[in-house]
Amino acid sequence: AERGGSRVISVGVGSPDPQVNLWMAGMQSPSDVHRGDPFDIAVILQGTGLQQQKGRVVLFQQSAGSNSSDRQEVGAEPFAFGDDDIPAEVGFQQKISVPGRYEFVAVAELEDGTLVELTLEDNQRRREVEVTDRRQKVLIISSGPMREYQFVRNTLFRHSGIDSDVWLQTIQKDNVGMVSQESTRLLTEFPETEAQLFEYDVIVAFDADWALLS
């Protein structure tokens, strides 16, 4: 431009106001829940140029993999940003009694309808949850009847979605008939085969004596 003697003229375009954008920074929930058990869905929101702005998050539920024809609103929660860049978080509690795979869609919208966002594509997130009626199998191992063991043993035994077996290592084969524990089965040794071991989804151990295992 200098060699050719061309004039260079700069022209500013666009609004002088800071860009405004609302986006979902995250959406968290368990991936698997038992039928009828309540579970939480958390949505984290972030904003640019949205100090002191308010809005709401609408939560929809639909069948996983569907074309949204069965989508229904299941909740709505407000949010508000402060004067800083700290994210806002809203939570929903859900409970489903019919087993299956479900998709939850969270959509965020600003209360001030005059604000023009940079993009709306990041205003929603999806999360898939599988609801099952299969009972979880838990093996509890403890070197003795300590308080922590007793608390967990009782809690799991009373849970409608859990079958819990107990291996209390102070119990031997010769005295097992004289002992009662809140459990589906009372064991006197660690599962002997791989097939028996893999029946369990979770093993919880309290100060176990690992020398008793091969």
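The shown structure was predicted, so the numbers you read here are calculated from the model rather than taken from an experiment.

A short note on the sheet that holds strand β4 (residues 54-63)
Across the sheet, 5 strands lie side by side as β2-β8-β7-β4-β5; this open sheet has mixed pairing. With one partner strand each, in any of the chains shown, β2 (32-34) and β5 (72-80) form the two edges of the open sheet. Between one strand and the next, the sheet's axes are offset by a mean angle of 30°, whatever the strand orientation. Strand direction decides the pairing type here: strand β7 (residues 100-110) and strand β8 (residues 124-132), joined by 8 bridges, are antiparallel. Considered in β8, the bridge of Arg-101 is made with Glu-130.

Some thoughts on empty space enclosed by the protein
All chains considered together, the criterion is met by 1 cavity of 30 Å³ or more. The volume enclosed by the largest cavity comes to roughly 50 Å³. Residue lining of the largest cavity: Gln-46, Gly-47, Thr-48, Gly-49, Leu-50, Gln-51, Phe-81, Asp-84, Asp-85 and Ile-86, and that is the complete set. By residue class, the composition of the lining of the largest cavity is 3 nonpolar, 5 polar and 2 charged.

Some thoughts on the sheet that holds strand β6 (residues 88-94)
Ordered by their spatial adjacency, 3 strands build an open sheet running β1-β3-β6, and the pairing between neighbours is antiparallel. Each of the sheet's edge strands pairs with one partner strand only, and the pair in question is β1 (21-28) and β6. Mean inter-strand twist for the sheet, computed between neighbouring axes without regard to direction, equals 25°. Relative to β6, strand β3 (residues 39-48) runs antiparallel, the two sharing 7 bridges. Paired with Phe-39 across the two strands is Gln-94, which belongs to β6.

Focus on the layout of surface pockets
Here the largest pocket defines a volume of roughly 170 Å³. Lining the largest pocket we find Trp-167, Glu-189, Phe-190, Pro-191, Glu-192, Leu-212, Leu-213 and Ser-214.

So, the pattern of salt bridges
Scanning the entire structure with this criterion turns up 8 salt bridges. The residue Asp-165 makes a salt bridge to Arg-185 at a minimum N-O spacing of 3.0 Å. You can see Asp-165 sitting in strand β10 (residues 162-168) and its partner Arg-185 sitting in strand β11 (residues 185-187), a full 20 residues away along the chain.

Details of the pairing of strand β9 (residues 136-142)
Most of β9 sits out of view: 5 of its 7 residues are buried. Sheet topology places β9 next to β10; 7 bridges connect them, and they run parallel. Residue Val-138 lies in a different strand from β10, and its bridge partner there is Ser-164. At this point the chain moves from β9, through helix α1 (residues 147-158), to the parallel β10, and the crossover so formed is right-handed. Here β9 pairs with strand β12 (residues 202-206) via 5 bridges, running parallel. For Ile-140, the partnering residue across the bridge sits in β12 and is Val-204.

Rules used throughout
Residues numbered from 1 in each chain as written. Predicted model: local features only at pLDDT ≥ 70, side-chain atom pairs only at ≥ 80, totals over all residues. Heavy atoms only, no water. Pairing = 2+ DSSP bridges. Helix = DSSP H or I, 4+ residues; strand = E, 2+ residues; numbered from the N terminus. Axes fitted to C-alpha atoms, helices over the stretch in contact; angles between N-to-C directions. 1 Å grid on protein atoms, 1.4 Å probe; cavity = no way out; pocket = protein on both sides within 12 Å on 5 of 7 lines; lining within 4 Å. Points joined across faces, edges and corners; volume = space filled by probe spheres on them. Nonpolar A, V, L, I, M, F, W, Y, C, P; charged D, E, K, R; others polar. Salt bridge = Lys/Arg side-chain N within 4 Å of Asp/Glu carboxyl O. Buried < 20%, exposed > 50% of the residue type's maximum accessible area, 1.4 Å probe, protein only. Right-handed = clockwise from strand over helix to strand, strands pointing away.

Purely spatial values, then, with no claim about function.
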